[in-house]
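Overview (structure and organization)
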2 protein chains.
Amino acid sequence: MGVTTKTGSGAGKGFAIGVDYGTNSVRALVVDVSNGREIASSVFEFPSGEAGILLDKRDPNLARQHPKDYLDGFDASVRGAVKQAKKVRGFSVDRVVGIGIDATGSTPIPVDKNGTALAMLPGFKKDLAAHVWLWKDHTSHAEAAEITRKAAKVKDQYLDKCGGIYSSEWYWSKILHCKRTSPKVFKAAYGWVEQADFIPGYATGNMAPDTMVRGICAAGHKGLYHEKWGGLPSKRFLKSLDPDGGDGGGLVDLRDRYAMPARSSDQRAGGLCEAVAKKVGLPVGIPVAVGLIDAHAGAVGAGVKPGTLVKAMGTSTCDMMVEPMGSGLQDIPGLCGIVPGSILPGMFGLEAGQSAVGDIFNWFVGQLTPGQYGTGGEAHVALTKEAAKLKPGASGLVALDWNNGNRTVLVDPLLTGLIVGQTLHTSAAEVYRALVEATAFGALAIINRLEEYDVPVKQVINCGGIAEKNPMVMQIYADVCNRPMKISRSSQTCALGAAIFGAVVGGAYKTTEAAQKKMTGVKAKVYKPIRANVRVYAELFKVYMQLHDAFGDARKNAGEMSSIMKALIEIRNEARGGGS
Amino acid sequence: MGVTTKTGSGAGKGFAIGVDYGTNSVRALVVDVSNGREIASSVFEFPSGEAGILLDKRDPNLARQHPKDYLDGFDASVRGAVKQAKKVRGFSVDRVVGIGIDATGSTPIPVDKNGTALAMLPGFKKDLAAHVWLWKDHTSHAEAAEITRKAAKVKDQYLDKCGGIYSSEWYWSKILHCKRTSPKVFKAAYGWVEQADFIPGYATGNMAPDTMVRGICAAGHKGLYHEKWGGLPSKRFLKSLDPDGGDGGGLVDLRDRYAMPARSSDQRAGGLCEAVAKKVGLPVGIPVAVGLIDAHAGAVGAGVKPGTLVKAMGTSTCDMMVEPMGSGLQDIPGLCGIVPGSILPGMFGLEAGQSAVGDIFNWFVGQLTPGQYGTGGEAHVALTKEAAKLKPGASGLVALDWNNGNRTVLVDPLLTGLIVGQTLHTSAAEVYRALVEATAFGALAIINRLEEYDVPVKQVINCGGIAEKNPMVMQIYADVCNRPMKISRSSQTCALGAAIFGAVVGGAYKTTEAAQKKMTGVKAKVYKPIRANVRVYAELFKVYMQLHDAFGDARKNAGEMSSIMKALIEIRNEARGGGS
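These lines cover the structure that appears in this document, whether it is placed above or below. Residue indices follow the written sequence of each chain, beginning from 1 at its first position. Chains and ligands are labelled sequentially in the order written, the chains with letters from A and the ligands with numbers from 1. Reporting in this predicted model follows two pLDDT cut-offs: at least 70 for local features of residues, and 80 or more for side-chain atom pairs to be given and counted; totals over whole chains, interfaces and linings ignore these cut-offs and use all residues. Side-chain metrics in this entry use all non-hydrogen atoms of the structure; hydrogen atoms and water are not considered.

1. Thoughts on the overall build of chain A
Counting its secondary structure elements, chain A contains 19 helices and 20 strands. In this treatment the radius of gyration is a C-alpha quantity, and the globule benchmark scales as 2.2 Å times the residue count to the 0.38 power. A compact globule built from 580 residues should have a C-alpha radius of gyration of about 25 Å, and chain A, at 23 Å, falls within 12% of that. Seen through its C-alpha atoms, chain A measures out along the principal axes to roughly 70 × 60 × 50 Å. The proportion of buried residues among the 580 residues of chain A is 66%. By the counting scheme adopted, Arg and Lys are positive, Glu and Asp are negative, and His together with the chain ends is not counted. Each charge is placed at NZ for Lys, CZ for Arg, CG for Asp and CD for Glu. Each charge sign in chain A was given a centre, from 67 positive and 55 negative side chains, and these centres are 5 Å apart. For helices the rule is a DSSP run of H or I covering at least 4 residues; for strands it is a run of E covering at least 2, with both sets numbered from the N terminus onward. Only protein chains enter the calculation, and the probe is 1.4 Å; a residue is then buried if its accessible area is under 20% of its type maximum, exposed if over 50%, and partly exposed in between.

Now the structure itself:
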């Protein structure tokens with residue numbers, strides 16, 4: 001590709017660029033590698049669909065994106081950030097040592113032999129199955145259940161590393177669902193590429209599925225990839241899901257076209273290719289790191305290390321920890337993933353999370369908030385102001401935070417929300433606070449699960465919009481979890497984490513930990529637990545866990561409550577799918 | 001009292017007046033007894049307190065009224081209605097055959113030896129305990145629990161006729177609470193008179209507690225009065241609640257000053273006395289019927305008969321049936337009351353109900369409805385319009401209708417609301433519909449309970465504002481209950497029912513049933529069950545009953561769910577009562 005390899009401007013100096021793909025937009029951030037100072041950034045909002053998401057009215061589970069938004073977004077955001085950085089003293093484009101990239105996941109994209117996304121080809125432009133299958137697409141729950149069932153039967157114990165249950169949000173569920181419901185798309189797809197690999201492929205000019213560099217993070221957490229069994233799941237297992245193949249028409253063929261091994265993000269995916277370099281205004285050949293999932297990059301940018309839980313709080317949360325290899329870490333049931341090198345190279349990356357946090361608050365503001373509170377952000381502020389005055393327990397409400405299913409502990413997308421305790425006086429602010437508390441209870445359930453399996457949580461660092469903007473939420477989390485809540489210094493931890501990997505592949509630091517030490521930190525303000533609140537929340541958490549176990553965990557409780565949410569979903573699906 | 005007894009103008013002819021006391025106002029209605037035509041009416045809003053209710057900021061359970069409002073209201077409303085009727089061809093005051101009166105209950109009033117309400121005497125004008133204890137006053141919950149506990153231990157089985165639980169809304173709870181918290185008022189009260197007896201006493205000039213005529217309806221449903229044990233509860237039982245007395249200072253003394261037997265409303269309380277006749281512009285001596293509770297009068301006005309369930313649907317509902325004596329009717333657990341003659345003379349009157357129906361919809365509109373729907377009545381219309389488009393089951397939601405506790409089947413005020421099935425797309429209209437459906441499921445639970453105890457429900461007649469104004473609600477009730485829903489022809493069923501008793505005591509008809517046949521009817525529009533909806537609602541009702549039994553019925557299910565609502569109420573009370 002005719003690139004000159006750049007080696008960076010010397011130890012701990014120069015600038016790195018982090019490119020962070022979120023659900024609705026992409027952000028490029030230019031960072032001073034000597035101290036983590038963020039000197040410039042630029043955001044590109046995805047133009048397609050609703051805030052970048054393609055929906056289908058008939059199926060609330062469907063969430064797709066347009067791949068072109070990603071490519072346009074890379075060009076525009078990086079170009080914009082570089083342009084802005086040029087105004088800052090000391091910056092010049094040849095002092096950019098490297099680029100790191102993070103993206104949502106599991107967000108697989110069907111591509112042709114050249115790596116071109118099918119949705120960009122004639123004949124597929126209107127076919128939603130040919131577009132990007134966004135992480136929060138839940139159309140594939142039946143396939144997820146099948147994979148879980150079949151994986152449980154094979155000796156490889158694929159599921160031990162991903163909490164015992166394969167998710168409808170993940171790679172193979174989505175591909176299998178496509179095979180069964182859109183065979184034309186499946187047939188046309190030479191490969192399926194995670195968004196976190198698709199973008200580095202684009203930046204380095206190496207997009208073909210069988211040559212592109214794959215990241216261990218998405219592969220390990222979402223694709224059942226593990227060194228222990230030689231990479232992707234065995235052909236025998238894939239055949240058990242889909243008997244086709246060998247001729248290019250089955251799941252097994254995808255395995256053949258997948259360049260192993262998958263790598264950690266302190267490694268180079270390649271150098272910035274000429275075509276893209278020109279578009280973004282950077283020199284050709286700048287090292288581009290292997291991509292990883294946004295939350296994992298965020299953990300790095302927030303300063304994750306053994307004993308530190310990083311909570312990335314946005315529309316959903318991702319809860320991340322690392323454990324040194326050789327620490328005797330067990331498999332942890334209900335944890336989304338345990339993958340060597342997925343966060344910090346050389347350590348196990350542990351990923352947990354809540355399927356909806358900010359999304360629940362946004363839902364409440366969008367659908368159930370009276371006019372007097374205003375709308376959107378204004379309503380969040382007004383509701384928070386009123387809710388902050390309420391004492392813990394005073395509303396008599398407890399909610400389950402499952403409006404988008406449960407990702408960790410129960411790992412079940414077919415769960416739904418619940419709220420109990422309403423009277424004729426229950427106010428919007430009380431419900432809002434109960435929803436915030438529900439997400440805090442969900443957070444504590446995750447911490448408890450980690451500690452039950454000997455992963456001590458000594459420190460919690462929060463990052464993301466909610467952590468920065470809403471002191472009430474943070475205080476409730478401190479009180480519910482009975483732990484101080486710290487906030488990451490950077491408000492762009494994902495982009496910063498990506499930039500850290502840019503700095504590492506650019507040679508500015510020898511290790512990711514060394515880069516973290518210089519480039520990350522926490523804010524002075526720490527939310528400390530208030531004793532009286534801790535006591536009340538301990539009582540309310542008992543109620544939360546009673547509901548959690550009864551409605552969520554069919555295995556522990558043979559009680560009939562555990563069938564209710566599924567029965568309602570079945571009735572709902574039939575009602576929506578049925579005749580007039 | 002120097003009155004001439006009137007005997008009415010002949011069989012099935014003339015006019016009757018029904019006087020209906022509601023919570024905020026009193027209405028007088030002039031009815032043509034030959035066909036039930038309502039020719040004139042007049043409403044008097046109670047001027048005291050907030051919409052007629054005296055409140056105490058420190059105690060949300062307190063709800064009192066001023067007795068003078070009732071007397072002024074009788075005069076003004078009857079005078080107004082008569083004045084209006086005079087403009088109608090064929091009406092003249094000497095063609096008025098009788099007056100019937102209904103009132104709220106249990107709404108006891110402390111009075112002196114002459115029957116003058118204490119609140120109208122010097123020294124008591126500012127004492128809320130000396131005022132009327134309105135039906136919805138809940139200050140006496142501790143006494144209610146004590147009466148329930150003690151009644152359960154005695155052989156008389158007082159509670160078998162009132163669902164097994166004595167309510168804080170009822171006669172003896174309130175009097176006992178007054179004795180314990182306002183001994184001065186208790187001592188000054190020669191008697192305690194139900195509002196439904198107080199007004200006929202006023203109209204007939206016979207107000208003294210030991211001579212006035214008492215109605216079986218309030219006495220039987222609220223005062224533990226039953227022929228089986230000789231009227232009011234035994235002195236021994238009353239002594240167990242209050243050891244004082246014999247000297248005029250205890251509960252037992254009230255029993256001595258109570259003129260038994262209590263009577264049904266086809267009997268005369270007396271003739272219209274001179275003083276009142278003059279004020280209202282009617283001839284002296286017009287027969288006045290024994291008073292009864294508003295909902296029971298409403299059942300009569302809606303055409304109740306064996307096999308017909310009358311549902312009075314307002315902020316709460318009252319569900320009423322009658323069963324012929326000698327039909328072998330058993331006690332029905334969870335039913336508010338079974339009293340001979342309380343609705344139709346010579347039949348058992350059965351009273352059930354839901355603690356909140358319209359109140360739940362109003363709560364949702366007041367607290368959780370976005371601005372785009374408007375407010376108040378406008379919001380109900382807009383939400384209904386959208387909710388009516390939804391298919392049964394399509395929201396995936398099920399709710400419990402317990403925001404104000406559960407009055408029938410569970411008889412437990414310490415239950416609260418619950419909603420399950422929310423996603424990130426759940427809309428206000430979906431929640432609104434789910435709340436309507438919840439009340440319909442609650443209605444079906446009552447019907448099922450009646451039928452389980454061999455009281456067949458062959459026809460349902462609805463009355464009240466919701467039944468008249470909201471076709472969606474009625475269609476959902478038809479679909480959920482799988483029964484046609486009829487609507488009472490009159491929109492003033494309570495006042496019409498009272499007028500029917502006026503016609504009977506005035507001699508226009510020999511029996512209440514004969515009067516009903518001529519004076520009541522249903523509207524042409526009948527809501528018929530839609531087969532496809534019935535099928536879906538049968539599934540959803542199963543879910544409702546799972547939740548109902550698990551969260552509500554500690555007796556059937558030893559499961560921990562049944563403790564959750566009570567635990568939350570305890571935590572709430574502590575949080576609200578505790579220090580900052």
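Don't stop here, the text continues.
2. Notes on the relation of the copies chain B and chain A
Overlaying chain B on chain A yields an RMSD of 1.2 Å, the required transformation being a rotation through 176° with an accompanying axial translation of 0.8 Å. Overall, the copies show the geometry of a two-fold rotation axis. The C-alpha atom lying nearest the rotation axis in chain B is that of leucine 368 of chain B; the distance is 1.6 Å. Contact between two residues is taken to exist if any of their heavy atoms lie within 4.5 Å; hydrogens are not considered. Most of the interface of chain B is mirrored in chain A, where 100% of its interface residues again form contacts. The copies were overlaid by least squares, fitting only the C-alpha atoms of residues that reach a pLDDT of 70 or more in each copy.

3. Digging into the pairing of strand E16 (residues 347-354) of chain B
Residues and elements named next belong to chain B. The element E16 is extensively covered by neighbouring structure, given that eight of its eight residues are classed as buried. Pairing between two strands is assigned when DSSP locates at least 2 bridges connecting them. In this sheet, E16 lies alongside strand E14 (residues 317-324) in antiparallel orientation, the contact comprising eight bridges. Bridging across to E16, methionine 320 finds its partner in glutamate 351. Between strand E15 (residues 337-340) and E16, which pair antiparallel and follow one another directly, the connecting turn spans six residues, one of which, glycine 341, has a positive phi of 80°.

4. Focus on the pairing of strand E19 (residues 459-463) of chain A
All names here are of chain A. Counting buried positions along E19 gives four out of five residues, so the element sits mostly inside the fold. Of the strand pairs in this sheet, strand E13 (residues 308-313) and E19 are connected by five bridges, and their pairing is parallel. Residue pairing for E19: alanine 312 is matched across the bridge by cysteine 463. Here two bridges tie E19 to strand E20 (residues 486-487), and the two strands are oriented parallel to one another. Bridging from a neighbouring strand, asparagine 462 pairs with isoleucine 487 of E20.

5. Some thoughts on the nonpolar core
Nonpolar core, defined: a set of buried Ala, Val, Leu, Ile, Met, Phe, Trp, Tyr and Cys residues in which side-chain atoms within 4.5 Å join the residues together. In this structure, Leu547 and Phe551 of chain A together with Leu547 and Phe551 of chain B are the most contacted members of the largest nonpolar core, which totals 157 residues. Those residues in contact with leucine 547 of chain B that sit more than four places away from it in its chain are Phe551, Met561 and Ile564 of chain A together with Val398, Leu400, Trp402, Leu418, Val420 and Gly552 of chain B. If you look at the next biggest cluster of nonpolar residues, it comprises 45 residues, including Leu71, Ala76, Val93 and Val96 of chain B.

6. A closer look at the packing of helix H10 (residues 294-302) of chain B against helix H16 (residues 493-505) of chain B
Residues and elements named next belong to chain B. Viewed as axis vectors pointing N to C, H10 and H16 meet at an angle of 80°, and their least axial separation amounts to 6 Å. Here H16 runs roughly perpendicular to H10, going by the angle between their axes. Contacts between H10 and H16 pair Asp294, Ala297, Gly298, Val300, Gly301 and Ala302 from the former with Thr493, Cys494, Leu496, Gly497, Ala498, Ile500 and Phe501 from the latter. Under the scheme applied here, ten amino acids are nonpolar (Ala, Val, Leu, Ile, Met, Phe, Trp, Tyr, Cys and Pro), four are charged (Asp, Glu, Lys and Arg), and all others, including Gly, are polar. Along the lines of polarity and charge, the residues of the contact of H10 with H16 split into eight nonpolar, four polar and one charged. A fitted line through C-alpha atoms serves as each axis, taken over the contacting stretch for helices, and the angle formed by two N-to-C directions is quoted from 0 to 180°. Orientation labels follow simple angle bins: below 35 degrees gives roughly parallel, above 145 gives roughly antiparallel, 65 to 115 gives roughly perpendicular, and whatever is left gives oblique.

7. Description of the packing of aromatic side chains
Aromatic rings from Phe, Tyr and Trp, with only the six-membered ring used for Trp, were paired whenever their centres fell within 6.5 Å, and each pair was classed as stacked if the ring planes differed by under 30 degrees, edge-to-face if by over 60, and tilted otherwise. What the rule picks out here adds up to 36 aromatic pairs over all chains. Measuring from ring centre to ring centre gives 6.0 Å for phenylalanine 361 of chain A and tyrosine 432 of chain A, while their planes differ by 55°; the resulting arrangement is tilted. With phenylalanine 361 of chain A in helix H11 (residues 358-367) and tyrosine 432 of chain A in helix H13 (residues 428-452), this pair connects stretches of sequence that are 71 residues apart. In terms of burial, phenylalanine 361 of chain A and tyrosine 432 of chain A fall into one category: buried. Ring geometry for phenylalanine 441 of chain B versus tyrosine 544 of chain B: centroids 5.3 Å apart, planes at 45°, classification tilted. Taken as a pair, phenylalanine 441 of chain B in helix H13 (residues 428-452) and tyrosine 544 of chain B in helix H18 (residues 531-552) lie far apart in primary sequence, 103 residues in all.

8. A look at the sheet that holds strand E5 (residues 59-65) of chain B
Pairing in this open sheet of three strands is antiparallel, and the strands run E4-E5-E8 (chain B) from one edge to the other. Of all strands in the sheet, those with a lone pairing partner are strand E4 (54-56) and strand E8 (132-133) of chain B, marking the two edges.

9. Describing the environment of alanine 567 of chain A
Of note, alanine 567 of chain A is situated in helix H19 (residues 564-577). It is 9.9 Å that separates the C-alpha atoms of alanine 567 of chain A and leucine 414 of chain A, two residues lying 153 residues apart in sequence.

10. Description of the sheet that holds strand E17 (residues 398-400) of chain B
Here we have four strands laid out as an open sheet, ordered E17(A)-E18(A)-E18(B)-E17(B), and antiparallel in their pairing. Unpaired on one side and paired on the other, strand E17 (398-400) of chain A together with E17 of chain B mark the two borders of the sheet. Strand-to-strand, the axes of this sheet are offset by a mean angle of 10°, without reference to chain direction. For E17 of chain A and strand E18 (residues 417-422) of chain A, the ladder comprises three bridges, and the chain directions are antiparallel.

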